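Here's the letter readout for the chains.
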Amino acid sequence: MGSTLLSVGSATSQGFIISDLGGNISDVVAINGGTPFNPVGTGTPAVTATMWSGNIASSSSTAGIRRTAFSDSNTATDWMLPVQLTLPTGNL
């Protein structure tokens, strides 16, 4: 499976259509509000309204998003922000 890494700022609404090398859509995700991203009719084959709903409101101060669901429920709940850890400073 090929991939392209993109940098998206936390203030930029963006959507992604994830597909395999055969062009089969695996998932669709919107981040940082997702508006005006509307993937319906986009891509080959085209995304349908049943493939996507919801968005991840903001990825501010995180290292992006990650997919946590084993199977695709076609909702934003398949994705989450990574846990942010604050490590204490001091001597080791």
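Right, let's walk through the structure included here. Every chain is numbered on its own, with residues counted from 1 as its sequence reads. Per-residue local features are limited, in this predicted model, to residues with pLDDT of at least 70; the limit for side-chain atom pairs, both in listing and counting, is 80 or more; totals at the level of whole chains, interfaces and linings are taken over all residues. Side-chain metrics in this entry use all non-hydrogen atoms of the structure; hydrogen atoms and water are not considered.

**Quick look at the overall build of the chain**
Our working rule: Strands are runs of DSSP state E lasting at least two residues, helices are runs of H or I lasting at least four, and both sets are numbered from the N terminus onward. Three exposure classes are used, based on accessible area relative to the maximum for each residue type with a 1.4 Å probe and protein chains only: buried under 20%, partly exposed in between, and exposed over 50%. Contacts are residue-level and defined by heavy atoms, with any inter-residue pair within 4.5 Å sufficient. Computed by Shrake-Rupley with a 1.4 Å probe, the accessible areas treat only the displayed protein chains as cover when residues are assessed.
The helix and strand tally for the chain stands at zero helices and four strands. Helices and strands in the chain line up, N terminus first, as β-β-β-β. Looking at the 92 residues of the chain, the share that counts as buried comes to 20%. The long-range fraction of contacts in the chain, counting pairs at least 24 apart against all pairs at least 6 apart in sequence, stands at 24%. Carbon and sulfur atoms provide 57% of the accessible area of the chain, an area that totals close to 6400 Å².

**Brief notes about the side chain of Asp-27**
Applied cut-off: Two N or O atoms count as a polar contact when they lie within 3.5 Å, although within protein this holds only if one can serve as hydrogen donor and the other as acceptor, and sequence-adjacent residues are included solely when both atoms are side-chain atoms.
Within the secondary structure layout, Asp-27 lies in strand S2 (residues 25-31). On the basis of relative accessibility, which here comes to 2%, the residue Asp-27 falls in the buried class. At a separation of 3.1 Å, a polar atom in the side chain of Asp-27 contacts the side chain of Trp-79. With near-sequence residues (within four places) excluded, Asp-27 lies in contact with Phe-16, Ile-17, Ile-18, Arg-67, Asp-72, Asp-78 and Trp-79.

**Focus: the pattern of salt bridges**
Stated formally: Should a side-chain nitrogen of Lys or Arg be within 4 Å of a carboxyl oxygen of Asp or Glu, the pair is scored as a salt bridge.
Scanning the model with the defined rule gives two salt bridges in all. Taking the shortest distance from any N to any O, the salt bridge between Asp-27 and Arg-67 comes out at 2.9 Å. Here Asp-27 is found in strand S2, whereas its partner Arg-67 is found in strand S3 (residues 66-67), with 40 residues between them in sequence. A salt bridge links Arg-67 to Asp-72; the nearest nitrogen and oxygen atoms lie 3.9 Å apart. For Asp-72, a relative accessible area of 29% gives the class partly exposed. Sharing partners across several salt bridges, the network here consists of Asp-27, Arg-67 and Asp-72.

**Thoughts on the pairing of strand S1 (residues 14-19)**
To keep it simple, the criterion reads: Think of it this way: DSSP has to see at least two bridges between two strands before they count as a pair.
Relative to S2, S1 runs antiparallel, the two sharing six bridges. What sits directly across from Ser-19, in S2, is Ile-25. The antiparallel pairing of S1 with S2 creates a hairpin that spans five residues between the two strands, and Gly-23 there sits at a positive phi of about 90°.

**What to know about empty space enclosed by the protein**
Empty space among the atoms becomes apparent when a probe as large as a water molecule is rolled across them. Spelled out, the test is: Within this scheme a cavity is a closed region of a 1 Å grid, computed over the protein atoms alone, that accommodates a 1.4 Å probe without allowing it to escape, whereas a pocket is open but has protein on both sides within 12 Å along at least five of seven lines; lining residues each have an atom within 4 Å of a point. Grid points are joined across faces, edges and corners, and a volume is the space filled by probe spheres set on the points. Basically, the charged four are Asp, Glu, Lys and Arg, the nonpolar ten are Ala, Val, Leu, Ile, Met, Phe, Trp, Tyr, Cys and Pro, and anything else, Gly included, counts as polar.
Enumeration over the complete set of coordinates arrives at one cavity of 30 Å³ or more. The wall of the largest cavity is formed by Val-28, Val-29, Ala-30, Trp-52, Ser-53, Gly-54, Asn-55, Thr-75, Ala-76 and Trp-79. With three residues, S2 is the largest single contributor of residues to the lining of the largest cavity. Partitioned by chemical class, the residues of the lining of the largest cavity number six nonpolar, four polar and no charged.

It is worth stressing that arrangement in space is one thing and function is another; only the former is reported here.
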